[in-house]
Amino acid sequence: MTGAELLVDTFGRVREVVREAVDGLSVDQLAARPDAEGNSVAWLVWHLTRVQDDHVGDAAGTEEVWTSQGWADRFALPLPASDTGYGHGVDDVAAVRVDAGLLLGYHDAVCERTTAYVGGLSDDDFDRVVDEGWSPPVTLGVRLVSVVGDTLQHAGQAAFTRGIVERRA
């Protein structure tokens, strides 16, 4: 298995966890939080998708799906189009109220763009520096592993939060 094949499989697995966490929930269930300061399923999936979209788009040198395909307009969140969720407080988390179809549509579009990009990489591509703002500079391989770690963590949190929401019903 090449590095590209490994990443395509990994992002596909994230997509499966996201789908299981979101599918069939109402807008209210997606926005429900485990406690007053916790993150909702909607916010977690929106955030993990925004980060993947932002980071992969930057590495690929392409515009984010969020803006290029009109998802920012469709979501109509009271947040800047460049917002990915980093540093959000309780009010920002509460502002992410969307239906499952919209959330999954955006995630699917980002996953498709991501897997098309990573599927075309050669193992030599992973050593290319994509961010010189760190010491040592960040390579494409390190950036993609970071995206995988972040998305898997938040997808698991969304699945856990779904379980809490369903038990309350």
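Before any of the text, the structure's been laid out above.
Here is what the cut-offs are and how they apply
- Residues numbered from 1 in each chain as written.
- Predicted model: local features only at pLDDT ≥ 70, side-chain atom pairs only at ≥ 80, totals over all residues.
- Heavy atoms only, no water.
- Salt bridge = Lys/Arg side-chain N within 4 Å of Asp/Glu carboxyl O.
- Helix = DSSP H or I, 4+ residues; strand = E, 2+ residues; numbered from the N terminus.
- Expected span 1.5 Å × (residues − 1).
- Buried < 20%, exposed > 50% of the residue type's maximum accessible area, 1.4 Å probe, protein only.
- Arc of directions from axis to C-beta.
- Contact = heavy atoms within 4.5 Å.
- Phe/Tyr/Trp six-rings, centres within 6.5 Å; stacked < 30°, edge-to-face > 60°.
- Lys NZ or Arg CZ within 6 Å of the ring centre and 35° of its normal.

**Student:** In this structure, what is going on with the pattern of salt bridges? I would like to understand it.
**Tutor:** Pairing between side chains becomes possible if they bear opposite charge and their charged atoms approach one another. For the structure shown, the criterion picks out ten salt bridges. Two residues, D9 and R13, come together in a salt bridge whose shortest N-O distance is 2.6 Å. Of this pair, D9 and R13 both sit in helix 1 (residues 3-22), four residues apart, which is roughly one turn of that helix. One salt bridge connects D131 with R143, and the closest N-O pair in it is separated by 3.1 Å. Of the two residues, D131 sits in strand 1 (residues 129-131) while R143 sits in helix 8 (residues 140-168), which places them twelve residues apart along the sequence. One network of salt bridges, in which partners are shared, links R15, R19, D108 and E112.

**Student:** Quick question: what am I supposed to make of helix 1 here?
**Tutor:** Quick reminder: α-helices carry 3.6 residues per turn. Residues three or four places apart thus point the same way. Between its first and last C-alpha, helix 1 extends 29 Å over 20 residues, near the 28 Å set by a 1.5 Å rise per residue. Considered for burial, the residues of helix 1 that qualify are G3, A4, L7, T10, F11, V14, V18, A21 and V22. For helix 1, the buried positions fall inside an angular range of 125° around the axis, keeping them on one side. When the buried face of helix 1 is taken as reference, the exposed residues oriented beyond 90 degrees from it are R13, E16 and E20. Against helix 2 (27-31), helix 3 (41-60), helix 7 (100-119) and helix 8 lie the buried residues of helix 1. G24 lies just past helix 1 and shows a positive phi near 90°.

**Student:** Would you mind showing me how to read the packing of aromatic side chains here?
**Tutor:** Under the definition given, this model contains five aromatic pairs. Ring centres 4.9 Å apart and planes at 55° place the aromatic pair W66 and Y106 in the tilted group. Residue W66 is located in helix 4 (residues 65-68), and its partner Y106 is located in helix 7; the two are separated by 40 residues in the primary sequence. Using a relative accessible area of 3% as the deciding quantity, one classes W66 as buried. Following the ring pairs from residue to residue traces out a cluster consisting of W46, W66, W71, F75 and Y106. Directly above the aromatic system of W71 lies the positively charged group of R74, at a separation of 3.8 Å from the ring centroid.

**Student:** What am I meant to see in the side chain of H47 here?
**Tutor:** Tracing the backbone through its elements, the reader meets H47 in helix 3. Under the relative-accessibility criterion, H47 is labelled buried at 3%. In this structure, H47 is in contact with T84, G85, Y86, D150 and H154, ignoring residues within four places of it in sequence.

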